[in-house]
Amino acid sequence: MKKRFSKFFGTRQFYKLALAVAVPLMMQQLITSSVNLVDNLMVGQLGDAALGGVAAVNRFYIIATYGTNGVLAAAAIFIAQFFGARDEERMKQSFRFSILSAYAIMIPFFILGILAPEGIVHFFTSDPVIIQLGSAYMRIAAFTFLPMALSLGISSAMRAVGETKIPLVISAGAVLTNTVLNYCLIFGNFGFPRLGVEGAAIATLIARVLEAAVLLIVLSKLDLPFKTKLSQLFHVSGQLARSILIKAAPLALNEVMWSLGMATLFKFYATRGPEVMSGYSIANTIGDIFFVLFGGMAAATTVLVSQPLGANKLDEARDHGYQLLGFSVMLSLLFAVLMFGSSFVVPHFYQVSPTAKQVAVDVLRIMSVMFWIYMGNTQCYFILRAGGDTRSTLFMDSGYMWTVNIPLICCFTYFTGVDILVLYVIGQMTDILKLVIAYSLVRKEKWVVNLTQF
């Protein structure tokens, strides 16, 4: 028994290296999540309808972001493996591909957000006040898609070669700017106009533009191996583009389908009332502070699995994959305790209805109990992705969601009168079976592949 579980434990040096890669990104996401929490608290002072409207828009925002990150993750796999193989030219081409593909995804979302904000918010709710406030927010926030595509592409490439501190610092500056501007523009402080939800959107847009500008300046100054000239942006080998697309298509499709699934679940939960929309949004915003563990382990997996695969160190990559799985689950138990503890304090800072607060508390506690299962599933996903086994990631992630989770919740939503707590628990319990499937795919080891040899 001891021998069976030994593969999930690494050396002290391994854990130091994993944390050295993971912690900067975790800190970056922690800063972002903490500021999002503060932003959420500010918008929450405008009432349940304002918070519900912004939450609905953020679901649309997440679809665009996750779809883009799916393509960028595939490109990052190649950047990391070419970095391991010391192949700078194809690293540069992979980076160019990532920037072009990010804009190919973000621009349609930008256009849709500008032209049809009411229709987007109406998908989630028929409440006219929520639709009005959400649409006002969307008309401005949609412009953030353009600088965000550039920021995501540059940051992803930096992390793929192990440079995690620079995106951390720049992101910290951007979210601090966002917070200060939110305080000024939402409530009209320091002589600024009181703009409510529109002020929150303007603050986010300014912060995103500044973030992209600083990243571009830093990229131009540093000698990073993937850096390329603007005039060569469209110089990408057809063979390499096809190779990345083969891996990117399932990842992008998975991320879009997963975020669409989350948006659909949000729609189901919203049928239980605007207070549920607010409470669920609050719980997710608080939960994001602890879900930073996922981003950190994603970065660690890219460096400790993808790079050895590119250097043709297959046994080392395989060992690291299983060790990261064990490490991530151990860390998740600590994070779960902290998340559960937060449910007694943080939701009560919101100036929303008592019902919304109670929904937030209940959902947050359920999340904490299930957290280690979420982490196990997600780490299996990262391992499969690191070696380019993107078909398996599509099957075990969004494929499972749309064939099991969503039909089940849909039935309970529209054919029973169960309250939000029961509805949410039923949905989360499906992740237990998902973990069994995910780990079985990891054990097949189709992900132990060197993608640079073509």
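Residues numbered from 1 in each chain as written. Predicted model: local features only at pLDDT ≥ 70, side-chain atom pairs only at ≥ 80, totals over all residues. Heavy atoms only, no water.

To keep things clear, this is the line we draw: UniProt positions are given in the numbering used here, feature names are shortened, and annotations may be inferred rather than shown by experiment.
The protein carries the name Probable multidrug resistance protein NorM in an unreviewed UniProt entry, which gives Holdemania filiformis DSM 12042 as its organism. As stated in UniProt under Subcellular location (unreviewed entry), the record for the protein gives "Cell membrane". As its UniProt record puts it under Function (unreviewed entry), the protein is described as follows: "Multidrug efflux pump."

## Brief notes about the overall build of the protein
Where we set the bar: Only DSSP runs of H or I with at least four residues qualify as helices, and only runs of E with at least two residues qualify as strands; both kinds are numbered from the N terminus onward. For the radius of gyration, the atom set is restricted to C-alpha positions; the globular benchmark scales as 2.2 Å times the number of residues to the power 0.38. The rule is simple: take the accessible area with a 1.4 Å probe, protein chains only, and divide by the maximum for that residue type; under 20% is buried, over 50% is exposed, in between is partly exposed. Any two residues whose heavy atoms approach within 4.5 Å at even a single point are treated as in contact. Positive residues here are Lys and Arg, negative ones are Asp and Glu, while His and the chain termini are left out of the count. Taken as the charge location is NZ of Lys, CZ of Arg, CG of Asp or CD of Glu.
Looking only at helices and strands, the protein has 16 helices and zero strands in total. Compactness check: the protein gives a C-alpha radius of gyration of 21 Å against a globular reference of 22 Å for 454 residues, within 12% of the reference. Along the first, second and third principal axes, the C-alpha set of the protein runs to 55 × 55 × 35 Å. Taken over 454 residues, the protein has a buried fraction of 59%. Of the contacts made within the protein by residues no fewer than 6 positions apart, 83% connect residues no fewer than 24 positions apart. Each charge class in the protein was averaged separately, 33 positive and 23 negative side chains, and the resulting centres sit 7 Å apart.

## Focus: unusual backbone geometry
If you check the backbone angles, arginine 86 has positive phi at about 60° while not being a glycine. Accessibility expressed as a relative area gives 63% for arginine 86, which makes it exposed. Of note, the phi angle at asparagine 312 is positive, near 65°, even though the residue is not glycine. Summarising the element assignment, asparagine 312 is placed in the loop between helix H12 (292–310) and helix H13 (314–342). With a relative accessible area of 42%, asparagine 312 lands in the partly exposed category.

## Some thoughts on the nonpolar core
Put simply, the rule is: In this text, buried Ala, Val, Leu, Ile, Met, Phe, Trp, Tyr and Cys residues form a nonpolar core when linked through side-chain atoms within 4.5 Å. Note: domain ranges come from an automatic or database domain assignment.
One finds Phe145, Tyr269 and Leu293 to be the most contacted residues of the largest nonpolar core, which totals 148 residues. Broken down by element, this core gets its largest block of residues, 20 residues, from helix H3 (residues 48–84). Per-domain counts for this core show at least three residues from each of domain 1 (21–236) and domain 2 (258–453). Here leucine 293 is in contact with Met26, Ser328, Leu331, Ser332, Phe335, Phe371 and Met375, once residues within four sequence places are set aside.

## So, the domain arrangement of the protein
How we decide: A 1.4 Å probe defines the accessible area here, and the buried area is the portion of it lost by two parts on being joined, summed over both. Salt bridge, as used here: a side-chain nitrogen of Lys or Arg that lies within 4 Å of a carboxyl oxygen of Asp or Glu. Residues adjacent in sequence count toward polar contacts only when both atoms are side-chain atoms; beyond that, a polar contact is any pair of N or O atoms within 3.5 Å, and within protein one must be able to donate a hydrogen and the other to accept it.
When cut into domains, the protein gives domain 1 (21–236) and domain 2 (258–453). Computed over C-alpha atoms, the centres of domain 1 and domain 2 are 21 Å apart. The interface is formed by 42 residues belonging to domain 1 together with 50 residues belonging to domain 2. When domain 1 packs against domain 2, the two sides together hide about 3700 Å² of surface, and 70% of this comes from carbon and sulfur. At the boundary of domain 1 and domain 2, one finds zero salt bridges. Between domain 1 and domain 2 we count two residue pairs in polar contact (both at pLDDT 80 or more) in total.

## Concerning the pattern of salt bridges
For the structure shown, the criterion picks out seven salt bridges. Its salt-bridge partner being glutamate 211, residue arginine 208 comes within 3.0 Å of it at the nearest N-O pair. With arginine 208 and glutamate 211 both in helix H9 (residues 197–221) and three residues apart, this pair spans about one turn of that helix. In this structure, arginine 318 engages glutamate 445 in a salt bridge whose closest nitrogen and oxygen atoms are separated by 2.9 Å. Remark: glutamate 445 occurs in the segment after helix H16 (420–444) and arginine 318 occurs in helix H13; sequence separation between them is 127 residues. Beyond isolated ion pairs, a larger network of salt bridges with shared partners links Asp315, Arg318 and Glu445.

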